[in-house]
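Fold and contact review
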Amino acid sequence: MPRSKPLPAELDPCARQLVERLRRLKDHGELTMRQLAAKTGYSAKSWERYLGGTALPPQEAVEELARIAGADPVPLLALHEIAADTWDSRRARPVPQPRPAARTQQGQRQQEGEERREQELEQPATQTGPRPGAPDTPLQLMAPPGPGPAPGRFPHIALTAGVVALAVALLAALLLILRLDEDGTPADVAAPPRTTAASPPPSYACHIARVDGRWSAGVNNGRDTEISYGATGADVAEAQCLLRRAGISPGGIDGMFGPLTLRAVKAFQHRAGLVADGMLGPRSWKALRG
């Protein structure tokens, strides 16, 4: 068997352990990628990604490989469940925090203006003589401007006005809900509709037995009703039990003809030499019960 490629270094420990166990099952069974594709329904390229650690294999693929190799799928499925929880976040990286922006030229000019105003305020309030180069008439000194509004005052006022407006709107809505009828009695408030608890789906148990030379699961009393994708009920559960008896997993025995059951039906029809259309008709039922 060719030597497997090393797994990626960033692979999660649980995912790494799962892939290594799947590799051992493949090597123990001396299976090639093409043989895995033929026996499981997943392509050879998919198995290369699964066993290479670049893609997390589906739960059904893990179960199929365990069935082919004759191993217990429960530990593998437990590892798969843990690896699936951490698979999407294993390559997460912390986002670098942006550096503080450099001081702009406009901000520097504003700071220089503030420093200049502070120096003017520190000078004496009166002058003893005219400045050099100034006219002979006395100068009228202007009082320094009074303190302006504190920075951030106007945004604070706008925020307060917005909160008050929101409170008034909520109060008006409350009064509208509690308005009185024309006769002075409070308006009836409609009660929310009661929700009834959904009934649990029916459970089915497979009781495989040979009845009159035909296999039966004891679920639908031996009926051979034609069913297809989207069907539900005991006929689907009977087919799921017989598919599992034939060695092809349809997923759970839930009586729902979903994607897993459809794939199992097509695989069985292909193996039995029938038209793999995914519909269980008389010929497919006869092959299942034969």
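Placed above this text is the structure.
Below is a summary of the structure that appears in this document. (Residues numbered from 1 in each chain as written. Predicted model: local features only at pLDDT ≥ 70, side-chain atom pairs only at ≥ 80, totals over all residues. Heavy atoms only, no water.)

1. Focus: the overall build of the protein
Of the regular secondary structure elements, the protein holds 10 helices and two strands. Counting from the amino terminus, the protein carries its helices and strands in the arrangement α-α-α-α-α-α-α-β-β-α-α-α. With 290 residues in all, the protein has 24% of them scored as buried. Within the protein, residue pairs in contact and separated by at least 24 positions form 48% of the contacts whose partners lie at least 6 positions apart. Total accessible area computed for the protein in this model is approximately 21200 Å², and 57% of it derives from carbon and sulfur atoms. (Helix = DSSP H or I, 4+ residues; strand = E, 2+ residues; numbered from the N terminus. Buried < 20%, exposed > 50% of the residue type's maximum accessible area, 1.4 Å probe, protein only. Contact = heavy atoms within 4.5 Å. Areas by Shrake-Rupley, 256 points an atom, 1.4 Å probe, with all protein chains shown as cover.)

2. Points about helix α5 (residues 73-87)
One full turn of an α-helix is made of 3.6 residues, so residues set three or four places apart face in the same direction. Helix length check: α5 (15 residues) gives 20 Å between terminal C-alpha atoms against 21 Å at 1.5 Å per residue, within 8%. Regarding α5, the residues found buried are Leu76, Leu79, His80, Ala83 and Trp87. Buried residues in α5, looked at end-on, bunch into an arc of 105°, giving them a common side. Of the exposed residues in α5, the ones pointing more than 90 degrees away from its buried face are Val74, Glu81 and Asp85. Looking at the buried side of α5, the elements it contacts are α1 (13-28) and α4 (59-69). Among the residues of α5, the N-terminal cap falls to Asp72, whose side-chain oxygen and the backbone nitrogen of Val74 are separated by 3.3 Å. (Expected span 1.5 Å × (residues − 1). Arc of directions from axis to C-beta. Polar contact = N/O pair within 3.5 Å; in protein donor to acceptor, adjacent residues only side chain to side chain.)

3. Quick notes on the pattern of salt bridges
Tallied over the entire structure, the rule returns six salt bridges. The residue Asp27 makes a salt bridge to Lys26 at a minimum N-O spacing of 3.7 Å. Since its relative accessible area comes to 9%, Lys26 is described here as buried. One salt bridge in this structure joins Asp235 and Arg223, with 3.0 Å as the shortest N-O distance. (Salt bridge = Lys/Arg side-chain N within 4 Å of Asp/Glu carboxyl O.)

4. A few points about the packing of aromatic side chains
Applying the stated criterion to the full structure yields three aromatic pairs. Judged by centre distance (5.5 Å) and plane angle (80°), the rings of Trp47 and Tyr50 are edge-to-face. In this pair, Trp47 and Tyr50 are both assigned in helix α3 (residues 44-52), three residues apart and thus about one turn of the helix distant. Here Trp47 matches Tyr50 in class, with each residue buried. (Phe/Tyr/Trp six-rings, centres within 6.5 Å; stacked < 30°, edge-to-face > 60°.)

5. Here's the deal with the environment of Leu79
Considering the arrangement of structural elements, one finds Leu79 in helix α5. Take Leu79: its relative accessible area is 12%, and that puts it in the buried class. Along the sequence, Leu79 and Val19 sit 60 residues apart, while their C-alpha atoms lie 9.7 Å from each other.

6. Describing the state of the cysteines
Overall, the coordinates contain one disulfide when judged by the stated rule. The residue that forms a disulfide with Cys206 is Cys241, at a sulfur-sulfur distance of 1.9 Å. In this structure, the disulfide formed by Cys206 and Cys241 twists by about -75° around the S-S bond and is classed as left-handed. Highlighted residues: Cys206 in the loop between α7 (153-177) and β1 (209-211) and Cys241 in helix α8 (residues 234-245), separated in sequence by 35 residues. (Disulfide = S-S within 2.5 Å.)

7. Overview of a nonpolar patch on the surface
On the surface, a nonpolar cluster with roughly 310 Å² of combined accessible area is contributed by Leu171, Leu174 and Leu175. Topologically, Leu174 is positioned in helix α7. The class of Leu174 is partly exposed, set by a relative accessible area of 46%. (Patch = residues over 30% accessible without salt bridge, like charges linked within 9 Å, V, L, I, M, F, W, Y side chains within 5 Å.)

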